[in-house]
Amino acid sequence: MDEGSSGPDILEQGSRSRRPRLPSPRWRPSRGASILAAVTLAIGLAAGYAAGHGQGPGTVAAPQKPAAPAGFGPALTQNPGTCSVQAGRDLELGIAVTNQSGETVLLESVKAVPLVGGLLKVLSWRWAPCGLDHDGTVPDTVALGPGETTWVTAVVQPLVACPGPAPLQFQVTYSVHRHQVAYSVNRQKSTVNLPGFPDLSAVPYSGCPTPAA
């Protein structure tokens, strides 16, 4: 096309020249195409409004994570496995307990509870495994960090020849230390009933049938 010409470009093909076909002055888009364009425009505007509404310039809201429940369930749990030692006529019966919370737990006291009367007499308890030599070093309380484990042992005297059917439960009192502000500690005291020994049929005792392996 010559410089300054306002007419349409002329395409050369071989020796012939032809002008491009222009839309007829009466041409209009189809009704379906008009509806599709309107719907696309509406969706684009709605998406843009939702992305930018209520936010400052250049900021994107981070997704919110649900808050973890606090104080759900007891902090202490009983581990599988027990210990037992016969000392004269007495029995030392121990269980392992674990701090399953995310805070430090202070173990304060234990109450060994025979669930059937007339079978066992509770003599004492201590924070130690069965058979520990009594050298005066057993602590009165034990502090357990998250995930830590310790033993608690009750000393009982059977009141029957064979204490096999006797169940013994452990009631542990503890406090959870929660740091609220600097140099401030909130102690929340709780008590949990641990199953202990459902019965003593698996505990060796002189003069009684040997427990099944």
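Figured I'd write up the structure that's included with this text. (Residues numbered from 1 in each chain as written. Predicted model: local features only at pLDDT ≥ 70, side-chain atom pairs only at ≥ 80, totals over all residues. Heavy atoms only, no water.)

1. A look at the nonpolar core
Reasoning step 1: Of all hydrophobic cores here, the largest spans 31 residues; its most connected members are Leu107, Leu168 and Phe170.
Reasoning step 2: By residue number, the principal contributor to this core is strand S9 (residues 168-181), which donates 5 residues.
Reasoning step 3: For Phe170, the residues in contact, after removing those within four places along its chain, are Leu93, Ile95, Val110, Lys111, Val152, Ala154, Val192, Asn193, Leu194, Gly196 and Phe197. (Core = buried A, V, L, I, M, F, W, Y, C linked by side-chain atoms within 4.5 Å. Buried < 20%, exposed > 50% of the residue type's maximum accessible area, 1.4 Å probe, protein only. Helix = DSSP H or I, 4+ residues; strand = E, 2+ residues; numbered from the N terminus. Contact = heavy atoms within 4.5 Å.)

2. Details of the environment of Gln169
Reasoning step 1: Relative to the assigned elements, Gln169 resides in strand S9.
Reasoning step 2: Taking C-alpha positions, Gln169 is 7.1 Å from Asn193, a pair spaced 24 residues apart along the chain.

3. Side note on the packing of aromatic side chains
Reasoning step 1: If you walk through the whole model with that rule in mind, you get 1 aromatic pair.
Reasoning step 2: Taking 5.2 Å as the distance between ring centres and 80° as the angle between the ring planes, the aromatic pair formed by Trp125 and Trp127 counts as edge-to-face. (Phe/Tyr/Trp six-rings, centres within 6.5 Å; stacked < 30°, edge-to-face > 60°.)

4. Overview of the pattern of salt bridges
Reasoning step 1: In the structure shown here, the tally under the stated rule is 2 salt bridges.
Reasoning step 2: Lys189 is the salt-bridge partner of Glu108, the closest N and O atoms lying 3.1 Å from each other. You can see Glu108 sitting in strand S5 (residues 104-114) and its partner Lys189 sitting in strand S10 (residues 184-197), a full 81 residues away along the chain.
Reasoning step 3: For Lys189, a relative accessible area of 56% corresponds to the exposed category. (Salt bridge = Lys/Arg side-chain N within 4 Å of Asp/Glu carboxyl O.)

5. So, the sheet that holds strand S4 (residues 90-99)
Reasoning step 1: Read from one edge to the other, the open sheet built from 4 strands follows the order S3-S4-S8-S6, with strand pairing classed as antiparallel. Looking at strand neighbours, the two that pair on one side only are strand S3 (76-87) and strand S6 (120-126), the edges of this open sheet. Taken over all neighbouring pairs, the strand axes of this sheet differ in orientation by 25° on average, direction set aside.
Reasoning step 2: Direction of pairing for S6 relative to strand S8 (residues 149-158): antiparallel, over a ladder of 6 bridges. When the sheet's bridge partners are listed, Trp125 is paired in S8 with Ala154. (Pairing = 2+ DSSP bridges. Axes fitted to C-alpha atoms, helices over the stretch in contact; angles between N-to-C directions.)

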